[in-house]
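# A look at the structure
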Amino acid sequence: MCGIVGYVGKNPVLDILLDGLEQLEYRGYDSSGIAVKCKDNINVYKAVGKLKNLREELTPHAYEISKSTSGIGHIRWATHGAPTVVNAHPHTCNCGNLVVVHNGIIENYVQLKAKLEARGCVFRSQTDTETVAHLIALKYGETKDLTKAVALATKEVEGAYALEVMHNDEPDKLVITKRNAPLIIGIGEDGYYAASDIPAFIKHTNKAIYLSDNQIATLTPQSLKIQDENGAEITPKIEQLPWEPVALSKMGYKHYMLKEIHEQPDVIRNILVGKLHTSDSPVKLDEVKLTKENLKDLTRIQVIACGTSLHAAMIGKYLIEDLCSIPVDVEASSEYIYRKTVTDSKTLVIGVSQSGETADTLTAIKQAKEKGSHILIITNRPDSAMAREADSLLSVNAGIEVSVAATKSYIAQLTSFYLLALYMAEIKGTTPADVLKKLKSEMLILPQKIEQILANKEHIQKCARKYSSTRDFIYIARGINYPTALEGALKLKEISYINATGYPAGELKHGPIAMLDEIMPVLSILMKGSVYEKILSNSEEARARNAQMIALTNSDDSKLENLFDFIIHVPDVDEMLSPILAIVPLQLIAYYIAEFLGKDVDQPRNLAKSVTVE
Ligand code: F6R
């Protein structure tokens, strides 16, 4: 889960590579490097840490690179070998004539390394990638043709890779290939781009080709040739990308996370267009390819996801079981793939993923597909590997999410689950029409209600300031908002590094209550409905242990004033829809605490946006 970018063309390459890497920083940011074709050599520059360190490293070399018009770059999230300069990409062969950047994992690198060392290759790094540099260089020695060398070398490589390769003896040529890792070619007016993701080149072109597994592309400033693994030339399909470069700007917000939190009302509006018009019309989900009979035949649903997407999935379970009366299991993908699961053709398997690339979820989906299940994918990336496995594809259309902490994609996943549950309930006739009508009419006004919460953000900011010096934080809830407590806690820990935990409120007294004292903040998610009184009494239990009590509520119950030290109000909403409103103040609390603490909000330590390793 690193980011790679490359360019061959007529324009100076340095800014193209650095700007491209900046847009790929969400994929990792522990070190970076570039290789550029200079007068006589391919020069390599690397730095540990954020991209700004590489920019500084390059400053004294700016003149010698200024005329270069071809090169490759890499931004790393370390898997094999610590984040050091030696382990940073690009990697080179013994003589330094061949340079490679790689995203993925070479699974047979130990065996390859032993073979290559026996043939005289000298390894400098602890990475799996260096094996590829030496291997392609040996093949180049035999063929004197970079494309052929890459083709021969990759036949010996096992694992996942997107590779970009240059050789000093074939200046202005970039050879790229991929297997189980994304790689996209951008077709510009003045040259060709190649990158792990579209943001790396969208400001230069919106024409692109998605390379398929095992295809090899040879790019020069004037030409593009794509071959399959047997060497046969392929006529590529050129796609017009529906992307705007402006999506990648902060639009005046201090951080992408804050901007993305504010985009949430429009994200819901966009999803509802064409799917839910009025409370009187049925939900339209043409994307779901299950027939009425298939739906009626389903015996169970399994939902597989990781992290924030897993929390959206947990809310999906409440909705589907309640409205559609189908049993739903939710499981972390990493657990699903290593046990015997009861998955069959009468099971609908739903994979949820913002990126559509998460390795654990992708593997789980593939396993379920082999067992004959219908695969429904809920993703923000209809161009992703997961989307390609889908029998039904629900694209959540949240737009690019840059901040590592997922916010608007979560709201989009929730909205999609509501639509799916309503749609299935309407087909199966499992919930009275008046209940569905009420839910639909409330859904249509959720965006305005989120806007009201955002308009009240100064109050939430005060709450964040008040508790920003805490070392621990507890979130409690019951029922459909239990996953909201988990998600609120995840947001806080990932960007502020505070130890935050979500509990079902009824579980507090079975152990966690022992941690409570006068400095421990406990945030109760107290939404009116079936479990309101229960959470209230669980909150009383916590108050009795002198905890700092915070309420997140849509109730104007006067009892709350005495029980809580701080109250955050959200607009009134049906209990079933309340997770969509309740999460917004929790996102803001996490954001403001991290900001007060001076943390790197958009790029928290040790994380990456797209987790393409198991
Ligand atoms: C948290 C977060 C992660 C992701 C998780 C799954 O804010 O972003 O927990 O939710 O890595 O990623 P996707 O949804 O891309 O499969």
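Located above this text is the structure these notes cover.
The sections below set out a description of the structure shown in this document. Residue numbers restart at each chain and count upward from 1, following the sequence in its written direction. In keeping with the predicted nature of the model, local features appear solely for residues at pLDDT of at least 70, side-chain atom pairs appear and are counted solely at 80 or more, and the whole-chain, interface and lining totals rest on all residues. Here the side-chain values reflect all heavy atoms present in the structure, with hydrogen atoms and water set aside.

Take the overall build of the protein chain next. Under the scheme used here, helices are H or I runs from DSSP no shorter than 4 residues and strands are E runs no shorter than 2 residues, and both carry numbers assigned from the N terminus. Scanning the protein chain for helices and strands turns up 21 helices and 25 strands. C-alpha atoms define the radius of gyration, and 2.2 Å times the number of residues to the power 0.38 defines the globule rule. Relative to the globule expectation of 25 Å for 614 residues, the C-alpha radius of gyration of the protein chain, 26 Å, shows essentially globular dimensions. Across its three principal axes, the protein chain shows a C-alpha extent of roughly 80 × 55 × 45 Å. Only protein chains enter the accessibility calculation, which uses a 1.4 Å probe. A residue is then buried if its area is under 20% of the maximum for its type, exposed if over 50%, and partly exposed in between. The proportion of buried residues among the 614 residues of the protein chain is 60%. Taking as baseline every contact in the protein chain between residues at least 6 positions apart, the subset at least 24 positions apart corresponds to 71%. Only the protein chains shown count as covering a residue, and every accessible area follows the Shrake-Rupley method with a 1.4 Å probe. Counting only carbon and sulfur atoms, one obtains 50% of the accessible surface of the protein chain, whose full area is about 23,500 Å². Think of it this way: Lys and Arg go in the positive column, Asp and Glu in the negative one, and His and the chain ends go nowhere. For the purpose of locating charges, the reference atoms are NZ of Lys, CZ of Arg, CG of Asp and CD of Glu. Mean positive and mean negative side-chain charge positions of the protein chain (67 and 76 charges, respectively) differ by 1 Å. Contacts were defined at the residue level, with two residues in contact if any of their heavy atoms lie within 4.5 Å.

Before going further, it helps to spend a moment on the sheet that holds strand β18 (residues 347-353). One open sheet accounts for 5 strands, arranged β17-β16-β18-β19-β20; its pairing is parallel. Here the strands that pair on one side only, and so sit at the sheet edges, are β17 (328-332) and β20 (392-395). Across the sheet, the mean angle from the axis of one strand to that of its neighbour is 20°, orientation sign disregarded. For two strands to pair, DSSP has to find at least two bridges joining them. Taken together, the 6 bridges between β18 and strand β19 (residues 374-379) define a ladder with parallel strand orientation. What sits directly across from valine 349, in β19, is isoleucine 375. Simply put, an axis is a line fit to the C-alpha atoms, just over the touching stretch for a helix, and the angle between two N-to-C directions goes from 0 to 180 degrees. Across the sheet, helix α10 (residues 307-324) is in contact with β16 (300-305), β17 and β18; its angle to β17 comes to roughly 175°.

Before going further, it helps to examine the environment of aspartate 197. Mapped onto the fold, aspartate 197 is located in the loop between β10 (191-195) and β11 (207-210). Note on aspartate 197: relative accessible area 2%, which makes it buried. Beyond its immediate chain neighbours, meaning those up to four positions away, aspartate 197 contacts Leu24, Tyr26, Ile184 and Arg381. One polar contact links aspartate 197 to arginine 381, side chain to side chain, over a distance of 2.8 Å. What qualifies as a polar contact is a pair of N or O atoms within 3.5 Å, subject to a donor-acceptor requirement within protein and to the restriction that residues adjacent in sequence count only when both atoms come from side chains.

Before going further, it helps to spend a moment on the sheet that holds strand β8 (residues 174-179). One open sheet accounts for 7 strands, arranged β5-β6-β7-β8-β12-β13-β14; its pairing is antiparallel. One side of each edge strand has no neighbouring strand; the edge strands of this open sheet are β5 (91-92) and β14 (233-234). Judged from the 2 bridges that link them, β5 and strand β6 (residues 98-106) form a sheet pairing that is antiparallel. The residue bridging histidine 91 from the neighbouring strand is valine 100, located in β6. Together, β5, β6 and β7 (159-167) form the strand contacts of helix α5 (residues 129-143), whose direction differs from that of β6 by roughly 130°.

A separate point is the pattern of salt bridges. Here, a salt bridge means any Lys or Arg side-chain nitrogen found within 4 Å of an Asp or Glu carboxyl oxygen. For the coordinates displayed, the defined rule picks out 34 salt bridges. A salt bridge links lysine 254 to glutamate 595; the shortest N-O distance between them is 2.9 Å. One end of the pair, lysine 254, is in the loop between β15 (239-240) and α7 (256-262); the other, glutamate 595, is in helix α21 (residues 578-596), and 341 residues separate them in sequence. Glutamate 595 gets classed as partly exposed once you look at its relative accessible area, which sits at 22%. Among the ionic pairs, lysine 528 bridges to aspartate 572, the shortest N-O distance being 3.2 Å. Taken together, the residues lysine 528 in the loop between β23 (521-526) and α19 (532-543) and aspartate 572 in the loop between β25 (566-569) and α21 connect sequence positions 44 residues apart. Using a relative accessible area of 33% as the deciding quantity, one classes lysine 528 as partly exposed. Each of Asp19, Glu22, Arg55 and Lys203 takes part in a single network of salt bridges with overlapping partners.

Right, let's get into the pairing of strand β9 (residues 184-187). Taking every second residue as pointing to the same face, both faces of β9 are buried, with Ile184 and Gly186 on one and Ile185 and Ile187 on the other. Pairing analysis gives 4 bridges linking β9 to β10, with the strands arranged antiparallel. Residue pairing across strands places isoleucine 187 opposite tyrosine 192, the latter belonging to β10.

This part is about the packing of helix α14 (residues 408-428) against α21. Packing of α14 against α21 leaves a shortest axis separation of 10 Å and a crossing angle of 175°. Relative to α21, α14 is oriented roughly antiparallel. Every residue of α21 that contacts α14 at Tyr410, Ile411, Leu414, Thr415 and Tyr418 is listed here: Pro579, Ile580, Ile583, Val584 and Gln587. Of the residues assigned to the contact of α14 with α21, the class counts are 8 nonpolar, 2 polar and no charged. Here roughly perpendicular refers to angles of 65 to 115 degrees, roughly parallel to angles under 35, roughly antiparallel to angles over 145, and oblique to all remaining angles. Three residue categories are used. Nonpolar comprises Ala, Val, Leu, Ile, Met, Phe, Trp, Tyr, Cys and Pro, charged comprises Asp, Glu, Lys and Arg, and polar comprises the others, including Gly.

Points on a 1 Å grid over protein atoms alone make up a cavity when a 1.4 Å probe fits among them but cannot get out, and a pocket when they form an open set with protein on both sides within 12 Å along at least five of seven lines; lining residues each have an atom within 4 Å of a point. Grid points are joined across faces, edges and corners, and a volume is the space filled by probe spheres set on the points. Tallied over the entire structure, the rule returns 3 cavities of 30 Å³ or more. If you add up the space inside the largest cavity, you get close to 80 Å³. Contributing to the lining of the largest cavity are 14 residues, with Cys2, Thr79, His89, Gly104 and Asp128 lying nearest its centre. Going through the elements one at a time, β4 (70-76) and β6 are the ones with two or more residues in the lining of the largest cavity. At 3 residues, the largest contribution of residues to the lining of the largest cavity is made by β6.

Any functional reading would require information that these geometric values do not contain.
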